[in-house]
Amino acid sequence: MMNIKRYHYPVMVTEVVENLSVVQGGRYIDGTLGEGGHTEAILEVSQPGGQVLGIDADHEAIIISKKRLDKFSDCSFFSNSKFSEMKDIATEINFIPVHGILLDLGISSLQLDFEDRGFSFSRDSKLDMRFSLDAELNASKIVNDYPEKSLSDLIYKYSEDPNSRRIASVICQNRPIFSSIELATIIESANLKVRRKHHPATLTFQALRIAVNDEIKELETTLDDSLSLLGIGGRLAVITYHSLEDRIIKNFIKRGTSKCDCPPLNLECTCSINPSIKIINKKPITPSSTEISSNPRSRSAKMRVIERII
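Each chain carries its own residue numbering, running from 1 in the direction its sequence is written. The model is predicted, so local features are restricted to residues of pLDDT at least 70 and side-chain atom pairs to those at 80 or more, both for listing and for counting; the totals for chains, interfaces and linings are taken over all residues. Values reported for side chains reflect all heavy atoms of the structure, with hydrogen atoms and water molecules removed beforehand.

Participant: Would you take a moment to explain the overall build of the protein for this structure?
Facilitator: Note on conventions: DSSP H or I runs of at least 4 residues are helices, E runs of at least 2 residues are strands, and numbering of each starts at the N terminus. A tally of helices and strands in the protein yields 13 helices and 7 strands. The reference for a compact globule is 2.2 Å times residues^0.38; the radius of gyration itself is calculated from the C-alpha atoms. Computed over its C-alpha atoms, the radius of gyration of the protein comes to 20 Å, within 12% of the 19 Å expected for a compact globule of 310 residues. Overall size of the protein, expressed as C-alpha extent along the three principal axes, is 60 × 55 × 40 Å. Sequence-distant contacts, at least 24 apart, represent 69% of the contacts inside the protein between residues at least 6 apart. When the accessible area of the protein is evaluated, it comes to approximately 15600 Å², of which 49% is carbon and sulfur surface. Positive and negative side-chain charges of the protein, numbering 39 and 41 respectively, have mean locations separated by a distance of 6 Å. Contact between two residues is taken to exist if any of their heavy atoms lie within 4.5 Å; hydrogens are not considered. Here the open area of atoms and residues is found with the Shrake-Rupley method and a 1.4 Å probe, where only the protein chains shown may cover a residue. Here Asp and Glu are counted as negative and Lys and Arg as positive; His is not counted, and neither are the chain ends. The atom standing in for a charge is NZ when the residue is Lys, CZ when it is Arg, CG when it is Asp and CD when it is Glu.

Participant: What's the story with the pattern of salt bridges in this structure? I'm lost.
Facilitator: Any Lys or Arg side-chain nitrogen found within 4 Å of a carboxyl oxygen on Asp or Glu counts as a salt bridge. In total, this model carries 12 salt bridges according to the counting rule given. With a closest N to O distance of 3.6 Å, Asp145 and Lys141 form a salt bridge. Residue Asp145 and its partner Lys141 are both found in helix H6 (residues 139–145); the two are separated by 4 residues, about one turn of the helix. Overall, the relative accessible area of 48% leaves Asp145 in the partly exposed class. Here Glu215 makes a salt bridge to Arg209, at a shortest N to O gap of 2.8 Å. Accessibility assignment for this pair places Glu215 and Arg209 in one class, buried. Buried means the residue's accessible area, taken with a 1.4 Å probe over protein chains only, is under 20% of the maximum for its type, while exposed means over 50%, and partly exposed covers the values in between.

Participant: How should the sheet that holds strand S3 (residues 76–79) be read in this particular structure?
Facilitator: Across a sheet, strands are paired by hydrogen bonds formed along the backbone, either parallel or antiparallel in direction. Reading across the sheet, the 7 strands line up as S3-S2-S1-S4-S5-S7-S6 and stay open at both edges, with mixed pairing between neighbours. A single partner strand is all that each edge strand has here, and the edge strands are S3 and strand S6 (277–279). If you compare each strand with its neighbour and ignore which way they point, the axes differ by 20° on average. Note that strand S5 (residues 230–240) and strand S7 (residues 302–308) share 6 bridges and pair antiparallel. When the sheet's bridge partners are listed, Val238 is paired in S7 with Arg304. Along the sheet, helix H11 (residues 215–229) makes contact with strand S1 (27–30), strand S4 (98–104), S5, S6 and S7, crossing S5 at roughly 155°. Angles shown run from 0 to 180 degrees and are taken between the N-to-C directions of axes, each axis being a line fitted to C-alpha atoms and, for helices, limited to the stretch in contact. Sheet strands in contact with helix H12 (residues 243–256) are S5, S6 and S7, and its direction is about 20° off that of S7. By definition, two strands form a pair when at least two bridges between them are found by DSSP.

Participant: How should I be thinking about helix H8 (residues 164–173) in this particular structure?
Facilitator: Those residues of H8 lying buried are Ser164, Ile167, Ala168, Ser169, Val170 and Ile171. Where H8 is buried, its residues contact H6, helix H7 (148–159), helix H9 (180–188) and helix H10 (202–212).

Participant: Just checking my understanding: could you explain the pairing of S1 for this structure?
Facilitator: Looking down a regular strand, the side chains alternate between one sheet face and the other. Alternating positions in S1 separate into two faces, Arg27 and Ile29 on one and Tyr28 and Asp30 on the other, with burial throughout. Bridge count between S1 and strand S2 (residues 51–55): 4 bridges; the pairing is parallel. Counterpart to Arg27 in the pairing with S2 is Gln51. Chirality of the crossover, the property in question, places the unit of S1, helix H2 (residues 37–46) and S2 among those that are right-handed. Both S1 and S4 contribute to a ladder of 3 bridges, which runs parallel. The partner of Asp30 across the bridge, within S4, is Leu102. For crossovers, right-handed means that the path from the first strand over the helix to the second runs clockwise, given strands pointing away from the viewer.

Participant: Help me understand the side chain of Thr240, please; the structure alone is not making it clear to me.
Facilitator: By the element assignment, Thr240 lies in strand S5. Taking relative accessible area as the criterion, Thr240 reaches 2% and is therefore assigned buried.

Participant: Is there a simple way to explain the side chain of Asn163 in this structure?
Facilitator: Its place among the elements puts Asn163 in the loop between H7 and H8. Among residues more than four places away in sequence, those in contact with Asn163 are Leu192 and Lys193.

Participant: Mind showing me how you'd approach the packing of H8 against H9 here?
Facilitator: If you want to describe how two helices pack, look at the angle between their axes and the distance between the axes. Close contact between H8 and H9 brings their axes to 9 Å; oriented N to C, the two are set at 125°. The angle between H8 and H9 places the two elements in the oblique class. The way H8 lies across H9 gives a crossing that is right-handed. Where H8 approaches H9, its residues Ile167, Val170 and Ile171 are matched on the opposing element by Leu183, Ile186 and Ile187. Basically, the charged four are Asp, Glu, Lys and Arg, the nonpolar ten are Ala, Val, Leu, Ile, Met, Phe, Trp, Tyr, Cys and Pro, and anything else, Gly included, counts as polar. Partitioned by chemical class, the residues of the contact of H8 with H9 number 6 nonpolar, no polar and no charged. The scheme is simple: roughly parallel for angles under 35 degrees, roughly antiparallel for over 145, roughly perpendicular for 65 to 115, oblique for anything else. Throughout, a crossing is termed right-handed when the near helix is turned clockwise from the far one, and left-handed when it is turned anticlockwise from it by less than a right angle.

None of the figures reported here should be taken as evidence of function without further support.
Right, dumping it as structure tokens:
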């Protein structure tokens with residue numbers, strides 16, 4: 001039975017509050033609610049009058065966060081939805097414009113440590129990996145049904161693991177595979193060359209999770225919608241955990257800060273494009289050594305923050 005009183009301490013909570021420039025009476029959206037840690041901090045600082053809309057595709061996260069944030073029940077709103085639906089949700093409850101939006105793209109400790117969906121191989125569970133149980137695709141279908149080349153391409157696309165072909169081959173040789181530990185053990189048996197200090201199955205599990213939940217498309221849609229939700233001077237903070245996500249954020253920022261879209265050979269600008277955002281932190285904000293020591297899962301986190309200027 002899940003112990004819902006054992007809350008996970010959120011990544012860079014102080015840095016999130018400071019860089020979102022949380023103010024009293026402000027309105028904020030937490031697009032990745034999780035166990036509600038970031039939302040709790042934002043609500044505490046934004047009182048009196050502050051409000052937060054919390055969104056999460058995981059129904060367990062909604063249940064836990066509602067309990068955790070019970071003292072803020074009059075100023076917190078919850079939606080069991082994908083964060084790509086943020087704009088529709090905010091429009092429906094008249095929660096526009098907002099002062100800040102947070103996206104913490106890491107998989108939560110709730111999902112890693114408690115939920116029986118195969119997100120982690122530290123405990124044995126079925127191969128599922130869906131954030132929302134309404135989704136049709138799950139990890140078992142990918143692992144057991146995809147052709148070897150398609151599986152290899154998927155692993156490389158969403159993890160950039162140079163061992164993707166070997167991993168796909170060994171998976172296909174050992175089908176059917178039913179559990180997270182079974183999959184991790186099979187990948188480990190391939191004796192892969194791993195450059196970083198992690199289990200050889202780590203990147204494959206990342207790739208499967210991203211594919212199952214269509215995380216890249218979800219992120220791109222949400223980033224595009226976020227600017228229409230922010231008021232002038234409103235801020236967007238995004239915490240990423242791997243290079244694929246971070247590259248998407250950097251490209252989004254590059255487009256938003258562009259001053260001209262004219263062909264390179266044009267002698268004079270005719271597009272009249274003005275930057276829509278400004279960068280708050282030129283270098284990504286990372287956890288302190290103290291935080292990494294107390295929460296090793298935060299070690300790969302990077303936070304980038306932008307502000308809407310037009």
